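What follows is the residue order along each chain.
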Amino acid sequence: MTTTAAESDPRLAHIKESIRTIPGFPKAGILFRDVTTLLLDHKAFKDTTDIFVERYKDMKIDVVVGIEARGFIFGPPIALAIGAKFVPQRKPKKLPGPVVGEEYELEYGTDRIEMHVGAVQPGERCLIVDDLIATGGTLAAGIRLLERVGAEVVECACLIELSDLKGREKLKGKPLFILVDFEGE
Ligand code: AMP
């Protein structure tokens, strides 16, 4: 199930316009959706955070989990505003303490995300945040990692969905909340 922020929300058009598209990065054929231009625009960044906070403030979220790297930009302001802790899920060999990890498929090969042991406790209610869902492999691994430690994934939240790639189908029914879709663009 995917929920898109109400299309009538007047803040969304400006948020979408503030995201830059760079064709051919990091390789030919990719349209890279660059959120660093959104961060340069105080209104767009604030409105983005506000929309997420409005949605999650009363959902009894214990933990906001941010996926490396851009989940580290959007996750912490949400966590602070809703009174949750923030936990990073990182690329391999970045975290200094004992970790639990989960592999996921890439177009060629596999990748892995890791989280500190004990950062999330069994039964805690989690929100996973990333900037963008493409094939859904990254978020699906994030969900598996949290469920392995006994946590409850309440929802995934992304600023951008590339809905042509049908990534949400990998989330096995977990709710996905997005602000902007670049379908067919
Ligand atoms: P996926 O696992 O295929 O859903 O890929 C999602 C991850 O890759 C996110 O962490 C994104 O930041 C990054 N990503 C994938 N495709 C793009 C894209 N076209 N533009 C920007 N970031 C992307």
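The rules behind each value
- Residues numbered from 1 in each chain as written.
- Predicted model: local features only at pLDDT ≥ 70, side-chain atom pairs only at ≥ 80, totals over all residues.
- Heavy atoms only, no water.
- UniProt positions renumbered as here; feature names shortened; annotations may be inferred.
- Pairing = 2+ DSSP bridges.
- Helix = DSSP H or I, 4+ residues; strand = E, 2+ residues; numbered from the N terminus.
- Axes fitted to C-alpha atoms, helices over the stretch in contact; angles between N-to-C directions.
- Contact = heavy atoms within 4.5 Å.
- Right-handed = clockwise from strand over helix to strand, strands pointing away.
- Parallel < 35°, antiparallel > 145°, perpendicular 65-115°, else oblique.
- Left-handed = near helix turned anticlockwise from the far one by under 90°.
- Nonpolar A, V, L, I, M, F, W, Y, C, P; charged D, E, K, R; others polar.
- Near = heavy atom within 4 Å.
- Polar contact = N/O pair within 3.5 Å; in protein donor to acceptor, adjacent residues only side chain to side chain.
- Areas by Shrake-Rupley, 256 points an atom, 1.4 Å probe, with all protein chains shown as cover.

Per an unreviewed UniProt entry, the protein chain goes by adenine phosphoribosyltransferase and derives from Marchantia polymorpha subsp. ruderalis. One UniProt comment on the protein chain, placed under Catalytic activity (unreviewed entry), says "AMP + diphosphate = 5-phospho-alpha-D-ribose 1-diphosphate + adenine". The Pathway (unreviewed entry) field of the UniProt record for the protein chain holds the comment "Purine metabolism; AMP biosynthesis via salvage pathway; AMP from adenine: step 1/1."

A.B. asks: Just checking my understanding: could you explain the sheet that holds strand S10 (residues 176-181) for this structure?
C.D. replies: To summarise the sheet geometry, strands pair through backbone hydrogen bonds and adopt either a parallel or an antiparallel arrangement. Judged by pairing direction, the sheet is parallel, and its 6 strands sit side by side in the order S1-S10-S9-S8-S4-S5 without closing on themselves. Where the open sheet ends on each side, the last strands, each with one partner, are strand S1 (2-4) and strand S5 (85-89). Each neighbouring strand pair of the sheet contributes to a mean axis angle of 25°, computed without reference to strand direction. Against the sheet, helix H3 (residues 42-56) contacts S1, strand S8 (125-133), strand S9 (152-161) and S10, and its axis sits at roughly 155° relative to S9.

A.B. asks: Could you clarify how one ought to interpret the pairing of S5 in this entry?
C.D. replies: Along a regular strand, successive side chains alternate from one face of the sheet to the other. Taken together, the 5 bridges between strand S4 (residues 63-67) and S5 define a ladder with parallel strand orientation. Across the sheet, Val64 pairs through a bridge with Phe86, a residue of S5. You can see the chain leave S4, run along helix H4 (residues 71-82) and come back into S5, and the turn it takes is right-handed.

A.B. asks: Please explain the packing of H3 against H4 as it appears in this structure.
C.D. replies: Between two packed helices, both the angle of their axes relative to each other and the distance between the axes serve to describe the pair. Axis separation between H3 and H4 bottoms out at 9 Å; the angle between their running directions is 50°. As summarised for this structure, H3 and H4 are arranged oblique, according to the angle between their axes. Handedness of the crossing formed by H3 with H4: right-handed. Contacts between H3 and H4 involve Phe45, Thr48, Thr49, Phe52, Val53 and Tyr56 on the former and, on the latter, Ile73, Phe74, Pro77, Ile78, Ala81 and Ile82. Its residues assigned to classes, the contact of H3 with H4 comprises 10 nonpolar, 2 polar and no charged.

A.B. asks: What is the right way to read the site of the ligand from this model?
C.D. replies: Around the ligand sit 14 residues in total, of which Arg70, Asp130, Asp131, Thr135 and Thr138 are the nearest. With respect to the ligand, the backbone of Arg33 contributes an N or O atom lying 3.0 Å from a nitrogen atom. When isolated, the ligand has an accessible area of 490 Å², and the protein chains bury 81% of it. Tallied by class, residues from the shell around the ligand come to 6 nonpolar, 4 polar and 4 charged.

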